[in-house]
Amino acid sequence: MVKVTYIAADGTTTTVEGEAFSNVMQTALDNDVAGIVGECGGSMMCATCHCYVDEAWQGKTGARNDGEDDMLDCAAGEVKPNSRLSCQITLTPDLDGLVVHLPEAQY
Amino acid sequence: MDRIVIIGAGQGGLQAAISLRQEGYTGALTLIGGEAGLPYQRPPLSKAYLKSGDAAALRLRPESFYDKNAVELVTETWVDRIDRAGRVVHAGDRSFAYDHLILATGTRNLRPPIPGAERCLDLRTLADAQTLRTVLDSPKRCAVIGGGFIGLEFAAVARGLGHDVTVAEAAPRLMARVVSPEISSYFKDLHKRLGTVLHLGDPAAEVTGAGMVLKSGTEVAADIVLMAAGVVPNAELAGEAGLEVNNGVVVNDRLLTADPDISALGDCAVFPDPTTGRPVRLESVQAATDHARLIAKRLIKGEDMPYAAVPWFWSDQADAKLQIAGLAAPGDATHRRADGAIFRFADARLSAVETVNNARTHMQARKALAGPDVSRAALAAVDYDFAALA
Ligand SMILES: Cc1cc2nc3c(=O)[nH]c(=O)nc-3n(C[C@H](O)[C@H](O)[C@H](O)COP(=O)(O)OP(=O)(O)OC[C@H]3O[C@@H](n4cnc5c(N)ncnc54)[C@H](O)[C@@H]3O)c2cc1C
Ligand code: FES
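None of the values given here were measured: they were computed from a predicted structure.

### Points about the domain arrangement of chain B
Residue and element names in this part refer to chain B.
Alright, step 1. Split by domain assignment, chain B resolves into domain 1 (3-108 + 231-301), domain 2 (111-227) and domain 3 (319-389).
Alright, step 2. Taken over C-alpha atoms, the centre of domain 1 sits 29 Å from the centre of domain 2.
Alright, step 3. Domain 1 puts 18 residues into the contact, and the matching count from domain 2 is 13 residues.
Alright, step 4. Summed over both sides, the interface of domain 1 with domain 2 buries roughly 1400 Å², with 62% coming from carbon and sulfur.
Alright, step 5. Looking at the side of domain 1 facing domain 2, the largest losses of area belong to S46, Y49 and L50, adding up to 39% of the total buried there.
Alright, step 6. Connecting domain 1 to domain 2 are 2 salt bridges.
Alright, step 7. At 4 residues, the largest contribution of residues to the side of domain 1 that touches domain 2 is made by helix 2 (residues 48-52).
Alright, step 8. Split by residue class, the side of domain 1 that touches domain 2 holds 8 nonpolar, 4 polar and 6 charged.

Rendered as structure tokens:
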């Protein structure tokens, strides 16, 4: 299992155990974390899974995937350098402890 | 309101349950579905699932969700009658009383009245997809009736897995009901390149033990025949209960039927298109989930808002990601931008944008369509570049 902490825009913090090689979007839905919608099921079609990777973790989550920029460009929340589509972040074992921040709205 | 019952545990029915709880509903919540197992998403059935066979990846929420959120999930149970006067629905010998009822019954595959249609396979449910996967475990000749999204997505995957594929479509072009001629022809070239044989303007007239026979007399030898010729909305329940049905359950711009205690959403619902007012029925994840959210807000927060979401849709065929923002009528005019993006116009108003592998333009179009009408003249003045629109 891989621990992930989600910090909502209002500061609500939820830490859950995700399955290794699941992704940050699916793990939020599986654990009832509000603030991520994931409408397209991770097909990179909806941008309702926007998150901000905590600065301490940016090195480990790596760069955006192909096509992510274009979708993020029109995400509902403000797009920052650490913006990612959470469905594109795979929970590799080295991400144990990952912290992500959530935007105020997803659509 | 103490008892909400949802009929249909698909994409929209489950979203209604999720949204009702998110909006703060604390009463009893029952989600009744005819299928077995936990609610799942259908889009991957004709895409990733056909390749991977990973059924667990399809489920929309884990089992724990239903307990945690006090959603009573009743599976393998078909509702057969709505008693509006008594505000109760019946499923065999079980009954469920409601204060508000949400119809989320979706659609089922259309079976055109051609001889031998009963021999065909379908692709609508997880069970259908599992059957297809089993059949495709060795090289097969596949015939597909219908050149719409599902038939073509299946064709692309089947070719990718090395099967022979022939598609028969009644209309003169692919996906004719929903995309521009330009996009139809792009996908015609794509499928030909993949090695799929296409018969356009030549519907299947008969299905036999040896394959299918087209209207022109052409015989297509096949081991399996997939029926992908459209769907029928599951609206009989509503009709038998005296609610208006016209290509689906008719609702107003609040997604309410004529009975103030019954809403309808998703694939089974016919609602007024927010832009034109004409009655439409959409078959998309977007419509099912946006409908569900609006209904939950109305029921729990008392927000009396008309439905106004911009429609959007996607389809994956081989390496082509088709995305559609907005809703064009079949006769809408077309402008092709140099990069291939297609702009559709109802008179002077932008009605839809169709793109292939161009997520940026798709997202820009969704944003633009959510605002005031965008005119053709304004777009032409900036070379159809949304970023330059004032
Ligand atoms: C193969 C396939 C690929 C698709 N690809 C895409 C795509 O790429 N993008 C996209 O946006 N959309 C896609 N769609 C469409 C999308 O899946 C549907 O629009 C969406 O599922 C509609 O949700 P719904 O809740 O209205 O209906 P459904 O999800 O179909 O759910 C309706 C449920 O109600 C149940 N039901 C019906 N009658 C009764 C009854 N009397 N009692 C109890 N239960 C009942 C049915 O068994 C069904 O489970 C695809 C659909 C299919 C089949
Ligand atoms: S879930 Fe749709 S883009 Fe991530």
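What follows picks up the thread again.
### So, the pattern of salt bridges
Alright, step 1. In this structure the tally under the stated criterion is 27 salt bridges over all chains.
Alright, step 2. For B:E35, the salt bridge goes to B:R42, with nearest N and O atoms at 2.9 Å.
Alright, step 3. Overall, B:E35 belongs to the partly exposed group, its relative accessible area being 29%.
Alright, step 4. For B:R42, a relative accessible area of 24% gives the class partly exposed.
Alright, step 5. The closest approach of N and O atoms between B:D316 and B:K321, which form a salt bridge, is 3.9 Å.
Alright, step 6. Here the salt bridges do not stand alone but share partners, grouping A:E39, B:D290 and B:R293 into one network.

### Observations concerning the packing of aromatic side chains
Residues and elements named next belong to chain B.
Alright, step 1. Taken as a whole and judged by the stated rule, the model has 8 aromatic pairs over all chains.
Alright, step 2. Consider the rings of F65 and Y66, whose centres lie 5.1 Å apart with planes at 85°: the pair is edge-to-face. In terms of burial, F65 and Y66 fall into one category: buried.
Alright, step 3. Ring centres of F149 and F313 lie 4.6 Å apart, and the angle between their planes is 45°; this geometry places the pair in the tilted category.

About the thresholds
- Residues numbered from 1 in each chain as written.
- Chains lettered and ligands numbered in written order.
- Predicted model: local features only at pLDDT ≥ 70, side-chain atom pairs only at ≥ 80, totals over all residues.
- Heavy atoms only, no water.
- Domains from an automatic or database assignment.
- Contact = heavy atoms within 4.5 Å.
- Buried area = accessible area lost by both parts, 1.4 Å probe.
- Salt bridge = Lys/Arg side-chain N within 4 Å of Asp/Glu carboxyl O.
- Helix = DSSP H or I, 4+ residues; strand = E, 2+ residues; numbered from the N terminus.
- Nonpolar A, V, L, I, M, F, W, Y, C, P; charged D, E, K, R; others polar.
- Buried < 20%, exposed > 50% of the residue type's maximum accessible area, 1.4 Å probe, protein only.
- Phe/Tyr/Trp six-rings, centres within 6.5 Å; stacked < 30°, edge-to-face > 60°.

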